[in-house]
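# Coordinates in review
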Amino acid sequence: MTALLEVDDLHVRIPTPAGELHAVRGISLSVRRGETLCIVGESGCGKSLTSLAIMGLLPREARRSAARLAFDGVDLAGGSRRAIAGLRGNRMAMIFQDPMTSLNPAFTIGDQLVETMLAHRKVGRAAAVDRAVHLLERVGIAAAAARLGQYPHQLSGGLRQRVMIAMALMCGPDLIIADEPTTALDVTIQAQILRLLRDLQAELGIAILLITHDLGVVARVADRIGVMYAGEMVEEGAVGAVFERPSHPYTRALLGCIPIPGRTPRRSPLGAIPGIVPSLVGTIQGCAFAGRCTHAHEACAGTIPVRTLGAGHRSRCTLAPDTFEAAARTASLGAIGR
Amino acid sequence: MLSYALRRLIIGVLVMFVVSGITFTLTNAAIDPARAIAGEGATSDDVEAIRKSYGFDRPLAARYVAWLGQALQGDLGSSYRQRRPVVDVIMERLPVTLKLGGLALAFALVLSIPLAIAAALRPNSWIDRIALLFALFGQAMPTFWFALLGIVVFSVNLRWLPASGSGTTAHFILPAIALGYYAAPTLMRLMRAGMIDVLASDYIRTARAKGLSEARVVLKHALRNAVLPVVSVAAVQFGFMLGGSVVIETIFAMQGVGYLAWESISLSDLPVTQAIVLMISLIYIVLTLSADLLNAWLDPRIRIG
Ligand SMILES: Nc1ncnc2c1ncn2[C@@H]1O[C@H](COP(=O)(O)OP(=O)(O)OP(=O)(O)O)[C@@H](O)[C@H]1O
Ligand SMILES: [Mg+2]
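Sequence order sets the numbering: in each chain, residues are counted from 1 along the sequence as written. Written order determines the labels here, with chains lettered from A and ligands numbered from 1. The predicted origin of the model limits local features to residues at a pLDDT of at least 70 and limits the giving and counting of side-chain atom pairs to 80 or more, whereas totals for whole chains, interfaces and linings rest on all residues. Just so you know, side-chain values use all the structure's heavy atoms and leave hydrogens and water out.

Basically, it comes down to this: UniProt positions are given in the numbering used here, feature names are shortened, and annotations may be inferred rather than shown by experiment.
With an unreviewed UniProt entry as reference, chain B is termed ABC transporter permease, source organism Prosthecodimorpha hirschii. The UniProt entry for chain B carries the following comment under Sequence similarities (unreviewed entry): "Belongs to the binding-protein-dependent transport system permease family." According to its UniProt record, chain B has this under Subcellular location (unreviewed entry): "Cell membrane".

Chain A is annotated in an unreviewed UniProt entry as Peptide ABC transporter substrate-binding protein from Prosthecodimorpha hirschii. In the Subcellular location (unreviewed entry) part of its UniProt record, chain A is described as follows: "Cell inner membrane". Recorded in UniProt for chain A, the comment headed Sequence similarities (unreviewed entry) runs: "Belongs to the ABC transporter superfamily."

### So, the site of ligand 1
Residue and element names in this part refer to chain A. The condition that has to hold: Proximity is defined per residue: if any heavy atom of the residue lies within 4 Å of a molecule or strand, that residue is considered near it. In protein, a polar contact requires one atom able to donate a hydrogen and another able to accept it; more generally it is a pair of N or O atoms within 3.5 Å, and residues adjacent in sequence count only if both atoms are side-chain atoms. The protein chains shown are the only cover counted for residues, whose accessible areas, like all others here, come from Shrake-Rupley with a 1.4 Å probe. Only DSSP runs of H or I with at least four residues qualify as helices, and only runs of E with at least two residues qualify as strands; both kinds are numbered from the N terminus onward. When residues are sorted by character, Ala, Val, Leu, Ile, Met, Phe, Trp, Tyr, Cys and Pro go into the nonpolar class, Asp, Glu, Lys and Arg into the charged class, and all the rest, Gly among them, into the polar class.
Around ligand 1, the surrounding shell holds 14 residues, and the nearest of these are Ser-43, Gly-44, Lys-47, Ser-48 and Leu-49. Side-chain polar atom of Ser-48 to an oxygen atom of ligand 1: 2.7 Å apart, as the coordinates give it. The separation between an oxygen atom of ligand 1 and a polar main-chain atom of Leu-49 is 2.9 Å. Protein contacts shield 66% of the accessible area of ligand 1, which totals 630 Å² for the unbound molecule. Those elements giving two or more residues to the shell around ligand 1 turn out to be β2 (19-31) and α1 (47-55). Examining the composition of the shell around ligand 1, we find that three residues originate from one element, α1, more than from any other. Its residues assigned to classes, the shell around ligand 1 comprises six nonpolar, four polar and four charged.

### Brief notes about the packing of aromatic side chains
To describe a pair of aromatic rings, you give the distance between the ring centres and the angle between the ring planes. What counts, and what does not: Two aromatic rings from Phe, Tyr or Trp, using only the six-membered ring of Trp, form a pair when their centres are within 6.5 Å; if the ring planes differ by under 30 degrees the pair is stacked, by over 60 it is edge-to-face, and anything between is tilted. Exposure classes here rest on a 1.4 Å probe applied to the protein chains alone. A residue is buried below 20% of its type maximum, exposed above 50%, and partly exposed in between. Two conditions define a charge sitting above a ring: the NZ of Lys or the CZ of Arg must be within 6 Å of the ring centre, and it must be within 35 degrees of the ring normal.
Within the structure shown, the criterion is met by twelve aromatic pairs over all chains. For the ring pair Tyr-54 of chain B and Phe-56 of chain B, a centre distance of 5.6 Å and an interplane angle of 15° mean the geometry is stacked. Judged by relative accessible area, Tyr-54 of chain B falls into the partly exposed class, the value being 43%. Take Phe-56 of chain B: its relative accessible area is 15%, and that puts it in the buried class. Over the aromatic face of Phe-107 of chain A sits the side chain of Lys-220 of chain B, whose NZ or CZ is 4.8 Å from the ring centroid.

### Remarks on the interface of chain A and chain B
Heads up, the condition is: Should any heavy atoms of two residues lie within 4.5 Å, those residues are considered in contact. Joining two parts hides part of their accessible area as seen by a 1.4 Å probe, and the buried area is that hidden amount summed over both. Only one rule defines a salt bridge in this text: a Lys or Arg side-chain nitrogen within 4 Å of an Asp or Glu carboxyl oxygen.
Chain A puts 28 residues into the contact, and the matching count from chain B is 22 residues. Summing both partners gives a buried area of about 2,200 Å² for chain A against chain B, and 55% of it is carried by carbon and sulfur. In this assembly, chain A and chain B are joined by four salt bridges. A salt bridge links Arg-216 of chain B to Glu-115 of chain A, with the nearest nitrogen and oxygen atoms 3.6 Å apart.

### A look at the UniProt feature "domain: ABC transporter" (unreviewed entry) in chain A
This chain's UniProt record puts "domain: ABC transporter" (unreviewed entry) on residues 5-255 of chain A. The distance from the first to the last C-alpha atom of residues 5-255 of chain A is 27 Å, and the span holds 39% helix and 26% strand.

### With respect to helix α13 (residues 257-266) of chain B
Residue and element names in this part refer to chain B. For α13, the set of buried residues is Val-257, Gly-258, Tyr-259, Leu-260, Ala-261 and Ser-264. Summarising the contacts, the buried residues of α13 are in contact with α5 (86-121), α12 (246-251) and α14 (270-298). Ser-268 lies just past α13 and shows a positive phi near 55°.

### Regarding a nonpolar patch on the surface
Residue and element names in this part refer to chain B. Our working definition: Distance thresholds for patches are 9 Å for like charges and 5 Å for nonpolar side chains (Val, Leu, Ile, Met, Phe, Trp, Tyr), applied to residues having over 30% relative accessible area and no salt bridge.
A cluster of nonpolar residues, Phe-144, Trp-145, Leu-148, Leu-149, Val-152, Val-153, Phe-154, Leu-158, Trp-160 and Val-247, forms a patch on the protein surface that exposes about 920 Å² of accessible area. Examining the composition of the nonpolar patch, we find that seven residues originate from one element, helix α7 (residues 143-157), more than from any other. Among the secondary structure elements, Trp-160 is positioned in the loop between α7 and α8 (170-199). On the accessibility criterion, Trp-160 (61% relative accessible area) is exposed.

### Some details on the UniProt feature "transmembrane region" (unreviewed entry) in chain B
Residue and element names in this part refer to chain B. Per the UniProt record, "transmembrane region" (unreviewed entry) is annotated on residues 9-31, 100-121, 133-154, 160-184, 226-252 and 272-294. The span residues 133-154 is 91% helical and 0% strand by assignment, and the distance between its end C-alpha atoms comes to 23 Å. The span residues 160-184 is 60% helix and 0% strand, and its two end C-alpha atoms sit 24 Å from each other.

### Details of the pairing of strand β10 (residues 224-229) of chain A
Residue and element names in this part refer to chain A. What counts is decided by this rule: The pairing criterion is simple: DSSP has to find at least two bridges between the two strands.
Counted residue by residue, β10 has six buried out of six residues, so it is predominantly covered. Taking every second residue as pointing to the same face, both faces of β10 are buried, with Arg-224, Gly-226 and Met-228 on one and Ile-225, Val-227 and Tyr-229 on the other. Of the strand pairs in this sheet, strand β3 (residues 36-40) and β10 are connected by four bridges, and their pairing is parallel. Bridging across to β10, Leu-37 finds its partner in Arg-224. As defined by bridge partners, β10 adjoins strand β11 (residues 232-238) across six bridges and the pair is classed as antiparallel. Note on β11: the bridge partner recorded for Tyr-229 is Glu-232. Remark: two residues form the turn of the hairpin made by β10 and β11, two consecutive strands paired antiparallel; Ala-230 in that turn has positive phi of roughly 50°.

Next comes the structure, spelled out in structure tokens:
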């Protein structure tokens, strides 16, 4: 079965005064029907640009190229504008990070929900209003009918994000792309929103491409995980496999420095990966992580192979996983012993 | 919304009182009403006699209160020259000025808003440069010079449009363009800057993500937010066109309030001058008030605090 979303060798380049910023450097990924793929990585590694490139919402100055970019067989890179606009908001919807600024302040919640449906379906206004009320209830908003007449500024951040989710659901999409949908919210609201997304997915069979830098979120919702570093996908695989046997040194470092409920010992010091992310302007020779990698050696300056470690589990590293398995074991023993 | 409107209304009325007081004081200081009525060749005895009989010898404050009392009943006195109620004299001229101002504003909006949107959609493109050039010309060129240029080209050489008078709508075309072109650059710049800001906002990205047509994204989601600051400025511009059309009305010899103001000042017709200043400030106040209310109506964050 072919995947719902297929991305192969995606590049995003943005001209800047300092030179061309090569923000996304050959990302390949696929999302199957009904599954959740989480993309993680440090700030600035190109997660948002990847999602915007898929949706065709890149800033005007950015240039996109890809060997393949397809949604359910429809070519998103070379297809007609009309065909792509027909998918957007209809079969693939997007939820953004900041619910405070993502809704138009000048129009009511109801108007913004309804227009999505009217843009794609041949339904009357009344039917669209009914659906809006139903979905607002479904995403856990009380007195849904009364909310339709309210403006975004009258709603809290958590409520607005629920409205954004309802809006994404208006046309019954096959795929939802969510770019850090909980980052701007309180911790308790974060958990509620995540649970909501997970429940909706189970109920409606929607595929989700979730972008986050929170591995705790990944542990709770993901089927598969993709780890990005400096515009590249350095490791991807089933979430169980990657969490059990992280292969790329960057993934190991991430897992080591972010607390995961039930995995990281409580009260263990919050680490950060030493070193800085290389500039994305111009080309990067060899492995982009080499400068911060404790296992770096001469081969890291050459071409980096993509190793297959198991079904769908791949890592972009010169070292075989067992090479540093032993080293890692001693290191983690040391950490726990501290 | 209602208490907001009420608050604005009360402020407007207060401003009106202050303006009327200042106007009364200044005009009476600039023109001696007794001498103005007596005319050029009158002796000083005549002037004093008139001063007594009209009550101009009373203190200024007392005269102001008397005048205000009558003004509040809609009686602004009589014109010294025309020997008719001031209200009649002005009302006769008002339609020409309103028509001129309205056409000028319409011309300014029709020219600047679409141009601004096109420019904002493609900053630094050729259309943006044309818009900039147009704004530069409009701001650099004095209104009277632009008006004279129009007369030379379209009235004298091409003979397409009349050069003076206000009898037919054709008489309004050149003056309205001259007046409107003066206001357009400000509106254009404001609209362009607002539109560029709004187009970069998150909710526009959301609108695009919903698969709405580009026309709907721009004309519904962006325009509604970008037009807010333009509304207030357009209202003030309209006030300016009504009050400040003195030059244009004089050049084109249009029988409007602006021309009347010029006549009254040069003939020392104090009641008319006073009334015109008062009327123009009233128009300004009403316009800014309605602009504020329109803004509140357009922006729910003000309407529903
Ligand atoms: N419009 C733009 N112009 C110039 N550079 C940009 C633009 N948008 C993004 N970038 C740069 O591209 C890189 C990737 O940005 P992106 O927003 O995709 O990062 P991210 O992984 O989503 O980070 P975060 O976790 O902070 O959201 C960053 O270095 C960023 O500074
Ligand atoms: Mg981001």
